[in-house]
Amino acid sequence: MNRTWWKEAVIYQIYPRSFMDSNGDGIGDLNGITSRLDYLKYLGIDVIWLSPVYQSPNDDNGYDISDYQAIMDDFGTMEDFDRLLAEAHKRNIRIVMDLVVNHTSDEHQWFMESRKSKDNAYRDYYIWREGQDAQTPPNNWGSCFGGSAWQYDKETEMYYLHLFSKKQPDLNWDNPKVREEVFTMMKWWCDKGIDGFRMDVISMISKTKEMPDGKVNDLYGDYGPFCMNGPNVHQYLQEMNEKVLSKYDIMTVGETPGVTTELAKQYAGENTHELNMVFQFEHVEEGGKYGKWTDEKAPLTTFKNIMTRWQTELYDKAWNSLFLDNHDQPRAVSRFGDDRPEHRENSAKMLATCLHMMQGTPYIYQGEELGMTNYPFQSPKDFRDIESINAYEEWCASGRVPHEVFWPCIIAKSRDNARTPMQWDDTKHAGFTTGTPWIAVNPNYTEINAKAETNDPNSVFHYYKKLIMLRKQNPIMVYGKYEPLLEESEELFVYTRTLEKEKLLVVCSFSDQAVPFIIPDEFIGMPCLIANIENTYDQREITLRPYEAFVLQIK
């Protein structure tokens, strides 16, 4: 297996709007990020993945881009970006940009031209189809954010495709001019000195020519079979690699909804000349009665089976991303751990142990290293996220599902859980802003904040810091072979990693009860690499406390 810097790196995702506000307007910005680089350096991370900072009307918080080569006014200027990049590089921190090229904003110059007439030079930059009439779209596909995936446009009496918001029209990647425009823009950023791209829904850039009705789920048809992992996606990524990616020492990660382990070997294979790694969602996709909206936890065995399959089937063939948290997911400690005050810290450390000891590149989402929790939403008025607002309208306001039935599901899964401001200290608004924050701060910031945790050697923060340091010192954490143990247990996630003569035993309790455990003979009395609760591991039979995690090492 090739050894590379991006396999050994630990990545920190910043959602700029919620990270740090430098000018008191209640919105995080680039200068705010620059002011906190020393904090990130102290944590030990190697790479920042920056969620979109480009010019945008902000229908989907920056994932609707109107100019790829300009900075959103809310976030500052291109000079501010250049300073952030230079200051990060001074600290040996790389910056990876979010590349959103499945769609643009409807306010992008290309789309404004495209909709003017059927023979406009930019018409074929997007996906236009005839409907039966102004009320009947070309097919029954639903968009990710609710409603139809088609928007009727009066100007030319045709429909355009938008798999997300109607303000996010999908680009037509079958048009070579679109690909050239995208590649030119990517080179511009690489020449500026950035260190790579996280590619938003990149598995959706190629659609089938035929666009038949999809299988109906709830109100609309499923576009997945026709828009995910489409006929030309690998050809287009190989072209991107040849023309852009191969010319720079950068890291590329593809967000690939609908990907399987087999497909991942193509997207991120050691020698397929596409991307370095995939970012896939199988382990965080437990659906419920209302699509993604559910407050039920998947059984631990289900979670383990998925994690194990990705660990074993990609070994020596392709590279994966390791994450439980990001800007589209609820807070990991509330979802997979236990955010009650007596269990929050231990379960946050346990989840970190379970994830960082696996093979793949770990991603820490801002605040995860503090054990930040879901927000206690009281009303739909608390939401800022288009997906949550639309879902509440579609399921509740329409009268389909009573509020009291749907509410626990939407507050458990809302993307806004991850988007509340970073909790820096116990001053007003958690030290995020001197103004009024764009979205409410979690009221538990007085207990959970960076200032308190950086000063407490036993905090969640210092546990993450130690895990990151251990990863740099122990190649087995990066390259070791994974083997699962106790696969049927609903309380314990146990596995080994092996590299030459070295071996690790990783034991994580997902239970709020005491659980007995028998240490395998070869590990009895072996040194403990890390543990989240003081214990001794020199006898065969032990009892794990709630959410206990430890790693034993044979050198």
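Our structure's up above, just so we're on the same page.
A brief structural summary.

Cut-offs applied
Residues numbered from 1 in each chain as written. Predicted model: local features only at pLDDT ≥ 70, side-chain atom pairs only at ≥ 80, totals over all residues. Heavy atoms only, no water. Core = buried A, V, L, I, M, F, W, Y, C linked by side-chain atoms within 4.5 Å. Buried < 20%, exposed > 50% of the residue type's maximum accessible area, 1.4 Å probe, protein only. Contact = heavy atoms within 4.5 Å. Salt bridge = Lys/Arg side-chain N within 4 Å of Asp/Glu carboxyl O. Helix = DSSP H or I, 4+ residues; strand = E, 2+ residues; numbered from the N terminus. Polar contact = N/O pair within 3.5 Å; in protein donor to acceptor, adjacent residues only side chain to side chain. Pairing = 2+ DSSP bridges. Phe/Tyr/Trp six-rings, centres within 6.5 Å; stacked < 30°, edge-to-face > 60°. Lys NZ or Arg CZ within 6 Å of the ring centre and 35° of its normal.

So, about the nonpolar core. Counting residues in each nonpolar core, the largest one holds 141 residues, and the members touching the most others are L50, M186 and F197. Leave out the neighbours within four places in its chain, and M186 touches L99, F197, M199, M240, V244 and L245.

This part is about the pattern of salt bridges. Scanning all chains against the criterion turns up 35 salt bridges. The residue D106 makes a salt bridge to K167 at a minimum N-O spacing of 2.8 Å. Placement of the pair is D106 in the loop between β5 (94-99) and α5 (109-114) and K167 in the loop between β8 (158-161) and α6 (176-192), with a sequence separation of 61 residues. On the accessibility criterion, D106 (12% relative accessible area) is buried. A network of salt bridges, in which partner residues are shared, links D60, K292, D328, D385, E387, R415 and R419.

Locating N532 in the fold gives a position in the loop between β20 (528-531) and β21 (541-544). Of the polar contacts made by the side chain of N532, one reaches the backbone oxygen of Y547; its length is 2.8 Å. Polar side-chain contacts of N532 include one of 2.8 Å to the backbone nitrogen of A549. Those residues within four positions of N532 in sequence are excluded, and the remaining contacts are N346, K349, M350, Y463, Y547, E548 and A549.

Turning our eyes to something else, we now look at the sheet that holds strand β6 (residues 128-129). If you trace the three strands from one edge of the open sheet to the other, you get β6-β8-β7, paired in antiparallel fashion. What marks the edges here is a single partner per strand, and that holds for β6 and β7 (150-153). Pairing of β7 with β8, which is carried by four bridges, proceeds in the antiparallel orientation. Directly across from Y152, in β8, lies its bridge partner Y159.

On to the packing of aromatic side chains, then. Throughout the structure, instances matching the rule amount to 45 aromatic pairs. Ring centres 5.8 Å apart and planes at 5 degrees place the aromatic pair F111 and W128 in the stacked group. Of this pair, F111 sits in helix α5 while W128 sits in strand β6, placing them 17 residues apart in sequence. The pair formed by F111 and W128 is uniform in burial state, with each residue classed as buried. Aromatic side chains F145 and F164 sit 5.6 Å apart centroid to centroid with 65 degrees between the ring planes, which places their arrangement in the edge-to-face category. Placement of F145 in the loop between β6 and β7 and of F164 in the loop between β8 and α6 is noted, with a sequence separation of 19 residues between them. An aromatic cluster is present here, built from Y54, Y68, F81, W110, Y122, Y125, W188 and W189 joined pairwise through their rings. Above the ring of W319, the side-chain terminus of K7 is found at 5.0 Å from the ring centroid. Just above the ring of W438 sits the side chain of R17; from NZ or CZ to the centre is 5.6 Å.

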